[in-house]
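Observations on the three-dimensional arrangement
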Amino acid sequence: MAETKTKAKKKSAKMKDPLGQHGISEELALDLMRDMLLYRRFEEKAEEAYAIGKIGGFCHLHIGQEAAAAGSIKPLRHDDYVMSAYREHTQALAKGVHPNAVMAELYGRKDGSSGGKGGSMHIFDAECRFMGGHGIVGGQVPLATGIGWKIKYKGEDTVSLVFMGDAAVNQGGFHEALNMASVWQLPCIFVVENNEYGMGTAFSRVSRTDMSTKSVPHGIPSHIVDGQDALATYAFFRDLAEKVRHGGGPQFVDLQTYRFRGHSMSDPVSGTYRSVEEVEQAKDERDPIAILRDVLKKAGVLDQATLEEMDAEAREISAAAADFADASPLPGPEALYRHVWAEINPNGRLFFDGRPESEEAS
Amino acid sequence: MAVMTYREALNEALREEMERDPDVFLMGEEVAEYDGAYKVSKGLLEEFGAQRVVDSPISELGFTGLGVGAAMAGLRPVIEFMTFNFAFLAIDQVINSAAKMYYMSEGQFPMPIVFRGPTGAALQLSAQHSQACETYYSHAPGCKVVTPGTPADAKGLLKAAIRDNDPVAFMEGELLYNFKGEVPDDDDFVIPLGVADLKHEGGDVSIITHGKMIHIALQAAQKLEKDGIHADVLDLRTIRPLDMDAILETVQKTNRAVYVEEGWPYAGTGAQIVAMIQEEAFDHLDAPIIRVTQADVPMPYAKNLEMLAKPSAKHVIEAVNKVLYR
């Protein structure tokens, strides 16, 4: 990473023991750095693959929001549930989905996490309890509430954490879900990845009230977290997850972050809705990777050589994921009719297109 | 055989399935303390407790999505809509989430969930509370649609729907809840999805229908008998899966068919059935197939206008006469 002067650097200089303050070990801090570098390089690889037509459709990158993913998901247990919207590649990685499976999904290949049938917006991994990848803004919020319902119903000690973009809080389903989670005190953590823009619409243009107030009418505690600060985010979610796990009730987090790329690969990075200067300034001052790098260097935990090694490793994993995806076969035509129905009833027709393949499938 | 109402039959099915599987729970508006808006869930709160019989807020989109998420995580929810008219608020979660989850996750998340409640018109409830909704659900691959017309079918099919591993829109009839009929005593009476039932046998014409309209069709068939016309009345019972074999069998026998449905004609269930019959049994047809549907208007309130809008036995008889060239 190029050296940049950041506000965080100045702030961190005042901080005597940033790791100890958050109860984070050196090893864990380095792991977070490694993870975030992977997310950055992975998304850059996806960007590259999109540019040469290897990835199609919509592709929403998470570049700039790496600390939000690492800091909130890494403290969770393997059996905790994570659900998200459609900017979810790196969140899947954070929850343990293999980079090869995520990249192959972006490529629409057989070895993708959804067999090539979901694509960028629908990454699923039941084993990792990564519950998707959902494409309708806010649509996942009631779903994750239902997962919280199941946890309570079964008396388990896991949590259901759901991400949404800032625009999702204006959907009715968001408020319906928060109300129910509150009424039934479900173990849900509602996280707004607040990158300030719903596509090209600044949040302030579509809401008279502040983000942090959105859960208040529902009786759900609201928290503001600097999502560019990986250590603070990690420490916060570590403590919050334990609280929720032990009956603390649903929580709402305004996780403040910033997107360095356009809404999707088909959208410009800046333009009429935000200026080039704004984006450049954010990259300069709010790059989560640079912020953590500076803190760790200052604390003597990370040197340039190690950083470069870690970065090289992240690039290698991403390149290997792209190679894996490229080598993975396209899903065979037999996949077309597979998994429409979990249960093919012995009687009656389920497919109506009159094609012989569908008759065979049923 | 016990004689019971359609409502009691549904209640028995719910009770038996909840006893059988602790992962089955019922959620919806007024299902618990109020015993259900139509008393289908009467006594279930007392028997199973507030964890499994749950009064929801009036948040159709929200509690439908909650059910879908619970199903993703392994439960088997039964989500009650006070009526399917209100389920328009929730159809995003039925179509975009429930019906597609298994496919877009490549089989990782089966979706064993039932969405149930009354569909169609009752009496003078006017436009927003009087519509047959099955077509919206049968349109989407991934969603099964069941429309029982009798107490026995209600019980046997609801049990099958709850045990099915796919989302099922289970559409009842508000005017059927008090309808009495015989229900087999078998303590595990299940009717498999996808099997139509010949409710009346004749050889001259096939009246094919589903849901509440079987009663209109049977009325018509009885009147036609007096006139020397013997009609098959085929009750599809489930729209998806669809018992096409039974449809072809009756059409090949009578060579003439009428489709009766409660909903609107445009892209309705009848439109689908007619298209399939002409594709697969064209040479067996002696006349064009005629559809009897609701008038192609929103449901009016005034009693006389409502009567005019609804499909009736008279409309069915007219259609039968037409396909018989009488």
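Residues numbered from 1 in each chain as written. Chains lettered and ligands numbered in written order. Predicted model: local features only at pLDDT ≥ 70, side-chain atom pairs only at ≥ 80, totals over all residues.

Here we take up the domain arrangement of chain B. All names here are of chain B. According to the domain assignment, chain B consists of domain 1 (2-183) and domain 2 (197-323). With centres defined by C-alpha atoms, the gap from domain 1 to domain 2 works out at 26 Å. Between domain 1 and domain 2, the residue contacts involve 23 residues of the former and 24 residues of the latter. When contributions to the side of domain 1 that touches domain 2 are tallied by element, the ones reaching two or more residues are α5 (134-138), β6 (144-146), α6 (151-163) and β7 (168-173). A per-class count over the side of domain 1 that touches domain 2 returns 10 nonpolar, 10 polar and 3 charged. (Domains from an automatic or database assignment. Contact = placed C-beta atoms within 7 Å. Helix = DSSP H or I, 4+ residues; strand = E, 2+ residues; numbered from the N terminus. Nonpolar A, V, L, I, M, F, W, Y, C, P; charged D, E, K, R; others polar.)

Now for the environment of Lys214(A). Residues and elements named next belong to chain A. Locating Lys214 in the fold gives a position in the loop between α9 (203-206) and β7 (222-226). In this structure the C-alpha to C-alpha distance between Lys214 and Phe174, which are 40 residues apart in sequence, comes to 9.7 Å. For Lys214, the contacting residues outside a window of four places in its chain are Val169 and Phe252.

Attention now moves to the interface of chain B and chain A. The partner chain A presents 39 residues to the 46 residues of chain B that form the contact. Elements with a contribution of two residues or more to the side of chain B that touches chain A: α3 (60-72), α4 (91-104) and β12 (238-240) of chain B. When residues in the side of chain B that touches chain A are grouped by element, the largest group, 10 residues, is from α3(B). The class makeup of the residues in the side of chain B that touches chain A is 22 nonpolar, 17 polar and 7 charged.

A few words now on the pairing of β7(A). Looking down a regular strand, the side chains alternate between one sheet face and the other. All names here are of chain A. Sheet topology places β7 next to strand β8 (residues 251-256); 5 bridges connect them, and they run parallel. Within β8, the residue paired with Asp226 across the bridge is Gln256. A crossover connection joins β7 to the parallel β8 through helix α10 (residues 230-245); in handedness this β-α-β unit is right-handed. (Pairing = 2+ DSSP bridges. Right-handed = clockwise from strand over helix to strand, strands pointing away.)

This part is about unusual backbone geometry. Cis rather than trans, the peptide bond between Arg240(B) and Pro241(B) has omega equal to 5°. Take Pro241(B): it is sitting in the loop between β12 and α8 (244-254). The phi dihedral of His339(A) is positive, around 70°, even though this residue is not glycine. Examined against the element boundaries, His339(A) turns out to sit in the loop between α13 (304-327) and α14 (356-361). Despite not being glycine, Asn255(B) shows a phi value in the positive range, around 65°. Summarising the element assignment, Asn255(B) is placed in the loop between α8 and β13 (257-260).

This part is about the packing of helix α8 (residues 172-183) of chain A against α3(B). For the pair α8(A) and α3(B), interaxial distance at closest approach is 8 Å and the crossing angle is 65°. Considering their axes alone, α8(A) and α3(B) lie roughly perpendicular with respect to each other. Crossing of α8(A) over α3(B) shows right-handed handedness. Residues Gly172(A), Gly173(A), Glu176(A), Ala177(A) and Met180(A) of α8(A) pack against Leu61(B), Gly62(B), Phe63(B), Gly65(B) and Leu66(B) of α3(B). For the contact of α8(A) with α3(B), the class distribution of residues is 5 nonpolar, 4 polar and 1 charged. (Axes fitted to C-alpha atoms, helices over the stretch in contact; angles between N-to-C directions. Parallel < 35°, antiparallel > 145°, perpendicular 65-115°, else oblique. Left-handed = near helix turned anticlockwise from the far one by under 90°.)

Our focus in this paragraph is the nonpolar core. Counting residues in each nonpolar core, the largest one holds 208 residues, and the members touching the most others are Leu292(A), Ile207(B), Ala217(B), Val258(B), Val316(B) and Val320(B). The element contributing the most residues to this core is helix α3 (residues 26-51) of chain A, with 11 residues. Looking at which domains feed residues into this core, each of domain 1 (2-183) and domain 2 (197-323) of chain B supplies at least three. Every residue in contact with Ala217(B), bar those within four places of it in the chain, is listed here: Ile207(B), Thr209(B), Val233(B), Val260(B) and Val316(B). (Core = buried A, V, L, I, M, F, W, Y, C linked by C-beta atoms within 7 Å. Buried ≥ 20, exposed ≤ 12 C-beta atoms within 10 Å, placed from the backbone.)

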